[in-house]
Amino acid sequence: MNKIISQYILRELFSTWVGVTLVLLIVLITNKFADVISDIAAGDILSSSLLPIIALSSIEYLIILLPLSTFLSVIIVIGRFYRDHEMTAIQVAGKGTGFIYKIFFFPLIVLIFILGFISTVISPNAKQSILLKEEEAMRSVGIEFFEPGRFVNLKDGAVFYAQGRSEKNRFIKVFLQKKTKNKVSVITSEYAEIQSLEDNLSRLVFFNGQRYEGLPGSTDFRVLRFAEHRLPLFFDSNDINDESYETKNFNELIMDDSVASMSELQWRVSPPIALIILVLLAVPLSKSSPREGQYGGLMIGVLIYLVYVNMLGAAKVWFEQGNSPIELGIWWVHGCFAVFLIIYLYFKSRLSRIGR
């Protein structure tokens, strides 16, 4: 009997969990996809980096989604059981809240280990890979970056345009505009090509063209004709070589006793802790009578999750800024919700006894 009930509850919970997780993941990936497409259009990253960045970002999203989807799935499934009187039948069979927690124990332990591994090991590597992809786009300017028939904004403010491209990877009918202080420089040439230099630097070489330089709105312009003209390509990497604490591995954070390191360490451990508290809270939160609205605790659950996550984010910032004691760190947020869980369970049990 216990095995049949357990398998039924876990089957319903698993199918709901998969559906909720996929829906939320698709929403986040869609938003990320739009952002990456915008960066590609602006020339910030290469088009070949689209799929790797989307895949790596999905790994980061799992840290947020797994606690949320598990929390919502428990509320949805158990709430439906109460609404359809299935939970009443389970309780008549002598199975109460403790039995439900017992069913969730092993799957929760497995999910905690998976989430902890993603948060502490996989996610930092994914962030590092994303930074490397962005750095590659900034420093390694390939011929595919300058698409013919499209204006390309370079990092130094210049605008590049080419009418076409020959088989020898040369750009035909080239135009480039660049502002220097108050003056504007315009270069036109029959063709141009990109030449790679040392230290991952590149330069753009124009052949058989003219350069116009002067102040807009005035007639004081200088015209230079050239057979060959070279310009360096500058790309601002925004100091992405500087390793941040978000990309450091777990052992490096443990060995570092700085506030930023401790904050990042506690932040990575927080998702599994939040998962435990949220699942324990979801069971009593999902309890409702058939007369109440469908999934009455769902909106309250979403509100609790948003408060929880925002408090963690605020606590991390306060900790890094030195506004909270080192002893507390961001642990106090988990402590507050753990106390709230205990109080909530206590009053729920008292109301249940009074109702009987």
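Conventions we followed
- Residues numbered from 1 in each chain as written.
- Predicted model: local features only at pLDDT ≥ 70, side-chain atom pairs only at ≥ 80, totals over all residues.
- Heavy atoms only, no water.
- Helix = DSSP H or I, 4+ residues; strand = E, 2+ residues; numbered from the N terminus.
- Buried < 20%, exposed > 50% of the residue type's maximum accessible area, 1.4 Å probe, protein only.
- Contact = heavy atoms within 4.5 Å.
- Phe/Tyr/Trp six-rings, centres within 6.5 Å; stacked < 30°, edge-to-face > 60°.
- pLDDT = per-residue confidence, 0-100.
- Polar contact = N/O pair within 3.5 Å; in protein donor to acceptor, adjacent residues only side chain to side chain.

Counting its regular elements, the protein contains eight helices and six strands. Ordered by position in the sequence, the α and β elements of the protein form the string α-α-α-α-β-β-β-β-β-β-α-α-α-α. For the protein, the proportion of its 356 residues judged to be buried stands at 39%. Long-range pairs, those at least 24 residues apart, make up 58% of the contacts in the protein with a sequence separation of at least 6.

The next subject is the packing of aromatic side chains. Following the criterion strictly, the structure yields eight aromatic pairs and no others. Relative to Phe-207, the ring of Tyr-191 lies with its centre 4.9 Å away and its plane at 20 degrees, an arrangement referred to as stacked. Pair noted here: Tyr-191 is in strand β4 (residues 183-196) and Phe-207 is in strand β5 (residues 202-214), with a separation of 16 residues, a long-range link.

Let's shift gears to the confidence of the model for the protein. Here the protein shows a mean pLDDT of 80. Residues at 70 or above account for 83%. Looking across the protein, the model is least confident in strand β1 (residues 152-153), with a mean pLDDT of 72, and most confident in helix α6 (residues 259-285), with 90.

What follows is about the side chain of Ser-69. Note on placement: Ser-69 falls in helix α2 (residues 50-83). On the accessibility criterion, Ser-69 (0% relative accessible area) is buried. Engagement of the side chain of Ser-69 in a polar contact is seen with the backbone oxygen of Leu-66, the distance being 3.3 Å. Filtering out sequence-adjacent residues up to four positions away, Ser-69 remains in contact with Trp-17, Val-20 and Thr-21.

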